[in-house]
Amino acid sequence: MYETTPTSWTDISLAHLFHAYRKAKADCFYERTICIVERMAEYESSLSSNLQSLLGDLKSGHIDRVLSSNLGTPRIVAKKLSTTVKKEDQPLPHDFFSSPDRAFARLKETHSLSAEFRLVGDFPVAMHVLSALWINMVGHKYDSVLSSSAYGSRVRRYGGSTVSSMTGGGEYHIHAIGSFEPYFAPYKAWRSNGLSAIRAELHAGNKVIATTLDFASYFHRIDSQFMINRDFLRQCAIELSEWELDFTASFVKALQSWSEMAQSMLAASDHAESFGGIPIGLSLSRIISNVLLWSFDNDVLRGLSPIYYGRYVDDVFIVLRDPGNVSASSFLSYLSQRTSHFPPQQSEDGRIRLQLPQFVGDRTTVDLQPSKQKLFFLEGQTGLDLLGKL
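Enquirer: Would you take a moment to explain the pattern of salt bridges for this structure?
Expert: Close approach of charged atoms allows side chains with opposite charge to pair. Inspection of the entire model under this criterion finds 14 salt bridges. The partner of Glu244 in a salt bridge is Lys141, with the nearest N and O atoms 2.9 Å apart. Placement of the pair is Glu244 in helix α10 (residues 242–268) and Lys141 in helix α6 (residues 125–143), with a sequence separation of 103 residues. Using a relative accessible area of 3% as the deciding quantity, one classes Glu244 as buried. A relative accessible area of 25% means that Lys141 is categorised as partly exposed. In this structure, the salt-bridge partner of Arg154 is Asp143, at a minimum N-O distance of 2.8 Å. Of this pair, Arg154 sits in the loop between α6 and α7 (162–165) while Asp143 sits in helix α6, and the two are 11 residues apart along the sequence. On the basis of relative accessibility, which here comes to 2%, the residue Asp143 falls in the buried class. Salt bridges sharing common partners tie together Arg39, Arg75 and Asp122.

Enquirer: Can you help me understand helix α13 (residues 331–338) in this one?
Expert: Within an α-helix, residues lying three or four positions from one another point in the same direction, as the helix has 3.6 residues per turn. Turning to α13, its buried residues number three or more, namely Phe331, Leu332, Tyr334, Leu335 and Ser336. Elements that come into contact with the buried residues of α13 comprise β3 (208–214), α12 (294–304), β5 (315–321), β6 (352–353) and β8 (374–378).

Enquirer: How should the sheet that holds β5 be read in this particular structure?
Expert: Note: strands within a sheet are paired through backbone hydrogen bonds, in either parallel or antiparallel orientation. Taken together, four strands build an open sheet; the order of strands is β4-β5-β3-β8 and the sheet is antiparallel. Each having just a single partner strand, β4 (308–312) and β8 make up the two edges of the open sheet. Between one strand and the next, the sheet's axes are offset by a mean angle of 10°, whatever the strand orientation. Packed onto the sheet, α12 meets β4 and β5 and runs at close to 170° relative to β4.

Enquirer: What am I meant to see in empty space enclosed by the protein here?
Expert: In this approach the atoms are scanned with a rolling probe the size of a water molecule, which exposes any empty space left behind. Evaluation of the coordinates by the stated rule reveals one cavity of 30 Å³ or more. The space that makes up the largest cavity amounts to roughly 50 Å³. In terms of lining, the largest cavity is formed by Ile222, Asp223, Ser224, Leu255, Gln256, Ser259, Glu260, Phe275, Gly277, Ile278 and Arg363. The residue makeup of the lining of the largest cavity, split by class, is four nonpolar, four polar and three charged.

Enquirer: Help me out: how do you make sense of the side chain of Ser295 in this one?
Expert: If you trace the backbone, Ser295 turns up in helix α12. With near-sequence residues (within four places) excluded, Ser295 lies in contact with His341, Pro357 and Phe359.

Enquirer: So what exactly am I meant to see when it comes to the nonpolar core here?
Expert: Generally speaking, soluble globular proteins have nonpolar side chains that are buried together. Residues Trp134 and Tyr142 are the most contacted members of the largest nonpolar core, which totals 111 residues. Counting residues per element, this core draws most heavily on α6, at 11 residues. Among residues more than four places away in sequence, those in contact with Tyr142 are Trp134, Met227, Phe232, Leu233, Ile238, Leu240, Thr248, Ile287 and Val291.

Enquirer: I would appreciate a short explanation of the packing of aromatic side chains in the present structure.
Expert: Aromatic rings considered in pairs are described by the distance between their centres and by the relative angle of their planes. This model, assessed by the stated rule, comprises 24 aromatic pairs. Ring geometry for Trp243 and Phe247: centres 5.6 Å apart, planes at 35°, overall tilted. With Trp243 and Phe247 both in helix α10 and four residues apart, the pair spans about one turn of that helix. Phe247 sits in the buried class, given a relative accessible area of 1%.

Enquirer: It is not clear to me how the layout of surface pockets should be interpreted in this structure. Could you clarify?
Expert: Of the pockets and cavities examined, the second largest pocket occupies roughly 270 Å³. Around the second largest pocket sit 16 residues that line it, and Ala328, Phe331, Leu332, Ile352 and Gln373 are the ones nearest its centre. Only β3, α13 and β8 provide two or more residues apiece to the lining of the second largest pocket. By residue number, the principal contributor to the lining of the second largest pocket is α13, which donates three residues. Its residues placed into classes, the lining of the second largest pocket shows 10 nonpolar, five polar and one charged.

Enquirer: Would you mind showing me how to read the packing of α6 against helix α11 (residues 283–291) here?
Expert: For any two helices packed against each other, one specifies the inter-axial angle together with the distance between the axes. In the contact formed by α6 and α11, the axes pass within 9 Å of each other and the chain directions differ by 15°. By the angle between their directions, the pair α6 and α11 is classed as roughly parallel. In the crossing of α6 with α11, the sense of the turn from one axis to the other is left-handed. Between α6 and α11, the residues in contact are Ser131, Ala132, Trp134, Ile135, Gly139, Tyr142 and Asp143 and Ser283, Leu284, Ile287 and Val291, respectively. Of the residues contributing to the contact of α6 with α11, the split by class is seven nonpolar, three polar and one charged.

Enquirer: Explain the side chain of Glu201 to me, please; I cannot follow it from the model alone.
Expert: Inspection of the secondary structure puts Glu201 in helix α8 (residues 184–203). Judged by relative accessible area, which is 12%, Glu201 ranks as buried. Within polar-contact distance, the side chain of Glu201 engages the side chain of Asn206 at 2.9 Å. Here Glu201 is in contact with Asn206, Val208, Ile307 and Arg321, once residues within four sequence places are set aside.

Analysis parameters
- Residues numbered from 1 in each chain as written.
- Predicted model: local features only at pLDDT ≥ 70, side-chain atom pairs only at ≥ 80, totals over all residues.
- Heavy atoms only, no water.
- Salt bridge = Lys/Arg side-chain N within 4 Å of Asp/Glu carboxyl O.
- Helix = DSSP H or I, 4+ residues; strand = E, 2+ residues; numbered from the N terminus.
- Buried < 20%, exposed > 50% of the residue type's maximum accessible area, 1.4 Å probe, protein only.
- Contact = heavy atoms within 4.5 Å.
- Pairing = 2+ DSSP bridges.
- Axes fitted to C-alpha atoms, helices over the stretch in contact; angles between N-to-C directions.
- 1 Å grid on protein atoms, 1.4 Å probe; cavity = no way out; pocket = protein on both sides within 12 Å on 5 of 7 lines; lining within 4 Å.
- Points joined across faces, edges and corners; volume = space filled by probe spheres on them.
- Nonpolar A, V, L, I, M, F, W, Y, C, P; charged D, E, K, R; others polar.
- Core = buried A, V, L, I, M, F, W, Y, C linked by side-chain atoms within 4.5 Å.
- Phe/Tyr/Trp six-rings, centres within 6.5 Å; stacked < 30°, edge-to-face > 60°.
- Parallel < 35°, antiparallel > 145°, perpendicular 65-115°, else oblique.
- Left-handed = near helix turned anticlockwise from the far one by under 90°.
- Polar contact = N/O pair within 3.5 Å; in protein donor to acceptor, adjacent residues only side chain to side chain.

So this is what it looks like as structure tokens:
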């Protein structure tokens, strides 16, 4: 970290912005949802003058103006193409085409197609630099309160690999390339640690219940206001200086303005979402989305005492010892009786909405995605054979 911690914008130096740019460049390189290569190259061609100009605005105390002028534009980009067999009672022929046009024509004949889209933020380079600066100055403190059960989007820390440094035991690595640990190792650990826990229990002759959960449109339903809520900061034991809190508040204000822009665009396109949330593609959104579930993580760990609990941002993996009196239909009730976040039953439309703490606010909603929920009751050798399905 730095020898002295900034306490005002006058303490920010060109070195702080160079470090932030270096982080931002790597973060953008690994972010697959945005396209900013040309703008990054153009910005870097006059890097010193661009950062000097940005530094001048920041030292003048114009952070709100700088953020509002770099909000960019919300964009809707393609996510995936979902397919459903038109006639499920008829077996499909095993035909293959080397021509993509003929293959797609055949797909349309046999399947109903549904295009899915994702809302992302298209920001100027300066916004990514400021986002990285916030992580360097403040955001790593939010990350430090998360337990080792949170695997995804963890900041780089001194002390080795992702798995060994996720406990918050090391200082934030200001000189590392990129703000976050690479994707592959923590995702592999999140999955393999859960499977190893199941395997060990089954070998010991115990019955287990394993479930994987996913949150629907997670980023698009988050209001970042909780980040500066005093009750939230107190419960998490996050200590911020007045300048750090003001910097965070300025970003919260900017993100809310972006959310309003996104909401207006979605309303104009008759999209189902009524709230813009936080932008995918901006590095600090990864911190916000992760720490929002701090209370959920602790609730599951304390209330369920799971054999294994792991969360990769909005993907959840829980392994419990089977008490013998739980069925698929009563599983949600079982979770609800032991935690404060799970509701006792799903709504009439099949939605399962988490019950969040008051400090989160009314605008944030977290819904489980029914189509991606999987529940496994495993025992003995047959349970071991089924592990490949998880």
